[in-house]
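Next come the chains, spelled out residue by residue.
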Amino acid sequence: DLSWADGTWYDLPSGGRMWQLSLESSQALGLAVFYDEFYLPPGATLHMYTPDKAEVIGAYTSRVNPANGKFWTGFTRGERAILEYFEPPGQRDQGRLHIVQIDYAYQKDNFNAALRSASQMELGFGTSDGCHNNINCPLGQEFQTAKKAVCRILLVFEEGTGYCTGNLINNVREDDRPYVLSAFH
């Protein structure tokens, strides 16, 4: 478990503060952070980035505060990542971040699939692995309407994270209430 005490605070000339925490996992292909307590006050921001800032996730703001306090920042490439929280004047000690888990990618194929979905890198969004028939290929031509009801779901297990396919479905009332039917692999 990691919290404010594990990072470093910096006072800014504006009267605000910045908190930084460096994360590292030797030989990791990427890192992702899970929070079980997440609250950003108005004006606060959170970023996660690689040390060279080639990849920057965020800014997360108070608009993303989950009701249950659980949050996930997603993967950045490499074995190091930096979390950076900005706290504006007047919001001192109002934010809450408690890191409950840090996932690291260690299997190249799985990690590349995660990045393709999360940030449209590698092969790009809408592609598939070689063992799958892509809906955008000739074999999928008769399913062009149905493909609009397919989604990719990121699942979190005790063993780590992984992707699953889901189907967007309607209910018998056909009132457009969103439901997702997923498989369990």
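Structure report, in brief. Once a new chain begins, its residue numbering starts again from 1 and follows that chain's sequence as written. In view of the model being predicted, local features appear only for residues whose pLDDT reaches at least 70, and side-chain atom pairs are presented and counted only at 80 or more, with totals across whole chains, interfaces and linings using the full set of residues. Only hydrogens and water are set aside when side-chain values are computed; all heavy atoms of the structure are taken into account.

The next thing to look at is the overall build of the protein chain. Strands here are runs of E lasting at least two residues and helices are runs of H or I lasting at least four, both read from the DSSP assignment and numbered beginning at the N terminus. Helix and strand content of the protein chain: 1 helix and 11 strands. Each helix (α) and strand (β) of the protein chain, taken in turn from the N terminus, gives the series β-β-β-β-β-β-β-β-α-β-β-β. Burial status follows relative accessibility: with a 1.4 Å probe on protein chains alone, a residue under 20% of its type maximum counts as buried, one over 50% as exposed, and anything between as partly exposed. Going through the 185 residues of the protein chain one by one, you find that 32% of them count as buried. Should any heavy atoms of two residues lie within 4.5 Å, those residues are considered in contact. For the protein chain, restricting intrachain contacts to residue pairs at least 6 apart in sequence, the fraction spanning at least 24 positions comes to 60%. Of the roughly 11,800 Å² of accessible surface on the protein chain, a fraction of 50% belongs to carbon and sulfur atoms. Note on areas: Shrake-Rupley with a 1.4 Å probe; residue coverage comes only from the protein chains shown.

Turning our eyes to something else, we now look at the sheet that holds strand 5 (residues 56-60). Read across the open sheet, the 5 strands follow the order 1-2-7-4-5; overall the sheet is antiparallel. The open sheet has two free edges, formed respectively by strand 1 (8-11) and strand 5, since each of these has just one partner strand. Pairwise comparison of adjacent strand axes, ignoring direction, gives a mean angle of 15° for this sheet. Here a strand pair is declared whenever DSSP counts at least two bridges between the two strands. Strand direction decides the pairing type here: strand 4 (residues 45-49) and strand 7 (residues 80-87), joined by 5 bridges, are antiparallel. Paired with Leu-46 across the bridge in strand 7 is Tyr-85. Every angle, taken between N-to-C directions, lies between 0 and 180 degrees, and every axis is a line fitted to C-alpha atoms, over only the stretch in contact when it is a helix.

This brings us to the side chain of Thr-45. Mapped onto the secondary structure, Thr-45 falls in strand 4. A relative accessible area of 19% places Thr-45 in the buried class. When residues no more than four places from it in sequence are discounted, the contact partners of Thr-45 are Ala-59, Tyr-60, Thr-61, Glu-84, Tyr-85 and Phe-86.

This part takes up the sheet that holds strand 3 (residues 30-39). Here we have 3 strands laid out as an open sheet, ordered 6-3-8, and antiparallel in their pairing. Strands with a single pairing partner mark the edges of an open sheet, and in this sheet they are strand 6 (71-77) and strand 8 (96-105). Geometrically, the sheet is characterised by an average inter-axis angle of 20° between neighbouring strands, direction not taken into account. Direction of pairing for strand 3 relative to strand 8: antiparallel, over a ladder of 9 bridges. When the bridges of strand 8 are listed, Phe-34 appears paired with Gln-101.

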